[in-house]
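Residue-level listing of the chains:
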Amino acid sequence: MYRYEKGRFQPQTFETPREVELTLVLGGAPLVRLAHSPGEEVELGLGFLWLAGVFDRLEQVRWLHRREGVLELDVAAPVGTGVPLRTSACGMGVIYGERRVHELPFVALDPELPVRLHRQLREGAVRYRRHRGIHGAALFDTAGRLLHLSEDIGRHNAVDKLAGRALLEGWKPPFLLAVTGRISREMAHKAAAMGAVLLASRTGATENGLAEAERRNLTVCTYVRPTGYRVNASPGRLLVRSGEEVLQAVRVEE
């Protein structure tokens, strides 16, 4: 490997992200193969299937068995997966269904939270600092306390891993979710299906992603930086307090 700088090539060694595959076998039949970063295979498989609406509660997973590159599960009364959708995910991802979204509650949030969440995501993203080329996602409670952070070559995978960990740990929503990747329609749906009331991204959102967020009353902040961010959808949860008076944070300055 070489690095080109100031008109010259210099030999240099770079660490690159690893990519492996996980085959999900449901009821004895292979369902899908997921390209992902090594680690948290059980969380990835459970989160993928749960957010796809294959089961509603962890108790419906009768058993699971993990071996190299394979996760086998048996689920009570699995929902039919239907026609797969080729999404806008990197590498043209595929989803087989979506979990039903319950109404998201109103939670008054500190408008500094998106900045704080992304600071914690940056500080905890060990793989990204080591070799770049990888996405991160972090799950928080509504006070901004970090519950778990996952990194993966796929932005969807990172969120699925968080969903799987939340299932295994028994964490209950509402949550806050910080991600590094683009907020597409399916990403907004995953966040809402997990019970996240705030989704904050380091980058932007698609038109369909914002429409889905508005439909689910999911607060979306994009281009989060240490100095601020954009509020793209459902801003009413972001509030500031002045003495005893509570004011909406999103307002036009004179």
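The structure contained in this document is the topic of the report that follows.

Conventions used here
- Residue numbers here run from 1 along each chain, matching the order of that chain's written sequence.
- Owing to the predicted nature of the model, reporting of local features is limited to residues with pLDDT of at least 70; listing and counting of side-chain atom pairs is limited to 80 or more, with chain, interface and lining totals taken over all residues.
- The side-chain values count all of the structure's non-hydrogen atoms but skip hydrogen atoms and water molecules.
- The buried label applies to any residue whose accessible area, calculated with a 1.4 Å probe on protein chains only, is under 20% of its type's maximum; exposed applies above 50%, and partly exposed to all values in between.
- Only DSSP runs of H or I reaching four residues or more are called helices, and only runs of E reaching two or more are called strands; each is numbered from the N terminus.
- The arc in question is formed by the directions pointing from the helix axis toward the C-beta atoms.
- Contacts are assigned to residue pairs with any non-hydrogen atoms lying within 4.5 Å of each other.
- DSSP calls a pair of strands paired once it identifies at least 2 bridges connecting them.
- To count toward a patch, a residue needs a relative accessible area above 30% and no salt bridge. Like charges then connect within 9 Å, nonpolar side chains (Val, Leu, Ile, Met, Phe, Trp, Tyr) within 5 Å.
- Only the protein chains shown count as covering a residue, and every accessible area follows the Shrake-Rupley method with a 1.4 Å probe.
- Here, a salt bridge means any side-chain nitrogen of Lys or Arg that lies within 4 Å of a carboxyl oxygen of Asp or Glu.
- The angle between two axes is taken between their N-to-C directions and runs from 0 to 180 degrees, where each axis is a line fitted to C-alpha atoms and a helix contributes only its stretch in contact.
- The labels follow the angle: roughly parallel below 35 degrees, roughly antiparallel above 145, roughly perpendicular from 65 to 115, and oblique for the rest.
- Classification used: nonpolar for Ala, Val, Leu, Ile, Met, Phe, Trp, Tyr, Cys and Pro, charged for Asp, Glu, Lys and Arg, polar for all others including Gly.
- Buried Ala, Val, Leu, Ile, Met, Phe, Trp, Tyr and Cys residues that are joined via side-chain atoms within 4.5 Å together make up what is termed a nonpolar core.

**Observations regarding helix α6 (residues 207–216)**
Buried residues of α6: Gly209, Leu210, Glu212 and Ala213, and no others. Around the axis of α6, the buried residues are gathered within 160° of arc, so they sit on the same side. With respect to the buried face of α6, the exposed residues turned more than 90 degrees away are Glu207, Asn208 and Arg215. Close packing links the buried residues of α6 with α5 (185–194), β13 (219–225) and β14 (228–233). Looking at the residues trailing α6, positive phi occurs at Asn217, about 60°.

**Observations regarding the pairing of β14**
Bridge count for β13 against β14 is four bridges, and the pairing is antiparallel. Paired with Cys221 across the two strands is Val231, which belongs to β14. Linking β13 back to β14 in an antiparallel pair, the connection comprises two residues.

**Side note on a nonpolar patch on the surface**
Judged by side-chain polarity, Tyr2, Tyr4 and Phe9 come together as a nonpolar surface patch covering roughly 440 Å² of accessible area. Assessed through its relative accessible area of 61%, Phe9 is described here as exposed.

**A short note on the pattern of salt bridges**
In the structure shown here, the tally under the stated rule is 16 salt bridges. Of the charged contacts, one joins Arg3 and Glu5 as a salt bridge, the two residues approaching to 3.6 Å between their closest N and O atoms. According to the relative accessible area criterion, Glu5 is partly exposed, its value standing at 45%. Arg145 is the salt-bridge partner of Asp141, the closest N and O atoms lying 2.8 Å from each other. Residue Arg145 is classed as exposed on the basis of its relative accessible area of 56%. Salt bridges linked by common partners bring Arg185, Glu212, Arg215 and Arg216 together as one network.

**Section: the packing of helix α1 (residues 41–51) against helix α4 (residues 155–169)**
Any two packed helices are characterised by how steeply their axes cross, that is the angle between the axes, and by the distance between the axes. Put simply, α1 and α4 touch, their axes get as near as 6 Å, and they point 95° apart. Of the possible angle classes, the one that applies to α1 and α4 is roughly perpendicular. Contact residues: α1 offers Val42, Glu43, Leu44, Leu46, Gly47, Phe48, Trp50 and Leu51, while α4 offers Asn157, Asp160, Lys161, Ala163, Gly164, Arg165, Leu167 and Leu168. Grouping the constituent residues of the contact of α1 with α4 by class yields nine nonpolar, three polar and four charged.

**Section: the sheet that holds strand β10 (residues 146–152)**
The strands making up a sheet associate through backbone hydrogen bonding, with each pair oriented either parallel or antiparallel. Spatially, β10-β9-β11-β12-β13-β14 is the arrangement adopted by the six strands of the open sheet, whose pairing is mixed. Only two strands of the sheet have a single neighbouring strand rather than two, namely β10 and β14. Geometrically, the sheet is characterised by an average inter-axis angle of 20° between neighbouring strands, direction not taken into account. Along the sheet, α4 makes contact with β9 (135–140), β10 and β11 (175–179), crossing β10 at roughly 145°. Across the sheet, α5 lies against β9, β11 and β12 (196–201), angled at about 145° from β12, the strand it touches most.

**Considerations on the nonpolar core**
Counting 62 residues, the largest nonpolar core has Phe55 and Leu177 as its most contacted members. If sequence neighbours within four positions are ignored, Phe55 has contacts with Leu46, Leu49, Trp50, Gln60, Val61, Val75, Arg99 and Leu167.

**Here we look at the sheet that holds strand β5 (residues 61–67)**
Within the open sheet, the four strands sit side by side as β4-β3-β6-β5. Their pairing is mixed. Every other strand in the sheet has two partners, leaving β4 (29–36) and β5 as the edge strands with one partner each. Neighbouring strand axes in the sheet, compared pairwise and without regard to direction, differ in orientation by 20° on average. Where strand β3 (residues 20–26) and strand β6 (residues 70–75) come together, four bridges link them in parallel fashion. Its bridge partner lying in β6, Val25 is registered against Glu72.

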